[in-house]
Amino acid sequence: MSEYLRKIVACLVQIENEERERLDAVSRLVADTIKSDGLIFTFGCGHSHLPGLDAFYRAGGLANVSPMLDTDLMLHNGAAKSSRMEKMSGIASEIFRRYTPSEKDMIFIFSASGKNQVPIEMAQTARAAGVKSVGVSAWSYIEKGGKLHKNVDIAIDCKVPYGDACMEMGKAKMGGLSTYAACFILNTCLINGAKIALQDGVQPPVYLSGNIEGGREHNITLENLYMGRVKHL
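Only a predicted model underlies this, so the values are computations on that prediction, with no experimental measurement involved.

For the rest of this paragraph, the subject is the environment of alanine 79. Inspection of the secondary structure assignment puts alanine 79 in helix α4 (residues 79-85). Separated by 47 residues in sequence, alanine 79 and alanine 126 have C-alpha atoms that sit 26 Å apart.

Generally speaking, soluble globular proteins have nonpolar side chains that are buried together. Ranked by size, the top nonpolar core spans 35 residues in total, and within it Val26, Val30, Phe108 and Leu190 carry the most contacts. Secondary structure elements with two or more residues in this core: α1 (3-18), α2 (20-35), β3 (106-110), β4 (132-137), β5 (154-157), β6 (165-169) and α7 (178-199). When residues in this core are grouped by element, the largest group, eight residues, is from α7. Sequence-distant contacts of valine 26, defined by excluding residues within four places in its chain, comprise Met106, Phe108, Val134, Ile154, Ile156 and Cys189.

Any two aromatic rings considered together are summarised by their centre-to-centre distance and by the angle between their planes. Scanning the model with the defined rule gives five aromatic pairs in all. Here tyrosine 4 and tyrosine 180 contribute two aromatic rings whose centre-to-centre distance is 6.3 Å and whose plane-to-plane angle is 75°, an arrangement assigned as edge-to-face. Of the two residues, tyrosine 4 is situated in helix α1 and tyrosine 180 in helix α7; the sequence distance between them amounts to 176 residues. The exposure class of tyrosine 4 is partly exposed, given its relative accessible area of 24%. According to the relative accessible area criterion, tyrosine 180 is partly exposed, its value standing at 42%. Relative to tyrosine 57, the ring of phenylalanine 56 lies with its centre 6.3 Å away and its plane at 45°, an arrangement referred to as tilted. Given the relative accessible area of 15%, phenylalanine 56 is considered buried.

The subject of this paragraph is unusual backbone geometry. Residue tyrosine 57 is not a glycine yet carries a positive backbone phi of 45°. Among the secondary structure elements, tyrosine 57 is positioned in the loop between α3 (50-55) and β2 (65-67). You will see that threonine 100, though not glycine, has its phi angle at about 45°, which is positive. Judged by relative accessible area, which is 58%, threonine 100 ranks as exposed.

Moving on, we get to a nonpolar patch on the surface. A cluster of nonpolar residues, Met1, Leu5, Val9 and Val13, forms a patch on the protein surface that exposes about 360 Å² of accessible area. Secondary-structure assignment places valine 9 in helix α1.

Calculation notes
- Residues numbered from 1 in each chain as written.
- Predicted model: local features only at pLDDT ≥ 70, side-chain atom pairs only at ≥ 80, totals over all residues.
- Heavy atoms only, no water.
- Helix = DSSP H or I, 4+ residues; strand = E, 2+ residues; numbered from the N terminus.
- Core = buried A, V, L, I, M, F, W, Y, C linked by side-chain atoms within 4.5 Å.
- Buried < 20%, exposed > 50% of the residue type's maximum accessible area, 1.4 Å probe, protein only.
- Contact = heavy atoms within 4.5 Å.
- Phe/Tyr/Trp six-rings, centres within 6.5 Å; stacked < 30°, edge-to-face > 60°.
- Patch = residues over 30% accessible without salt bridge, like charges linked within 9 Å, V, L, I, M, F, W, Y side chains within 5 Å.
- Areas by Shrake-Rupley, 256 points an atom, 1.4 Å probe, with all protein chains shown as cover.
- Salt bridge = Lys/Arg side-chain N within 4 Å of Asp/Glu carboxyl O.

Everything listed here is a matter of coordinates, which is why it stays silent on function.
Rendered as structure tokens:
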């Protein structure tokens, strides 16, 4: 096993062992959202929007996942610009308004540092609207200004080191961990939440692969249920 792989595995095992109680609480929130026919929103700036994309409209994914995607805060529309904009005030509330979450919905907010203004204000906006929020950030940043954890209903430490990268490379480091950690956290909560909903008698809306027999027809049925509700479907 390579050193980088060992570090990735160690990070994920640490999350599972040390964040178990909070992961369970979020899983129950996911189950409640499924049972109430709510949407599961995701939000993040820069690379932190990737976990939401990983969970959206894919084989084995919940059909009620709705990523909040603002091109000015994503890398493909100007990476340097997005890095500046995620620190600006007043943006989050306008993004939130476009997606119209309600009290039966929930939102995952991802920010490796937990420092930037847009994710923090997204959490504050969700709280003001009565939308349950989950914040995923690295608590190694708390002494350096990280405060997302203070503004969400449930906060999870993704166990990523300060600076994100973990492999020494002369005067710098390579090998970020935050995307692996965030995707693991999100998928763990979605899977376990779906299990709870199923145990409570509600079939979770799960997409199949469109490349297996019956998959396309199954997915079209789910698409029809969420078309118009999930903005990017």
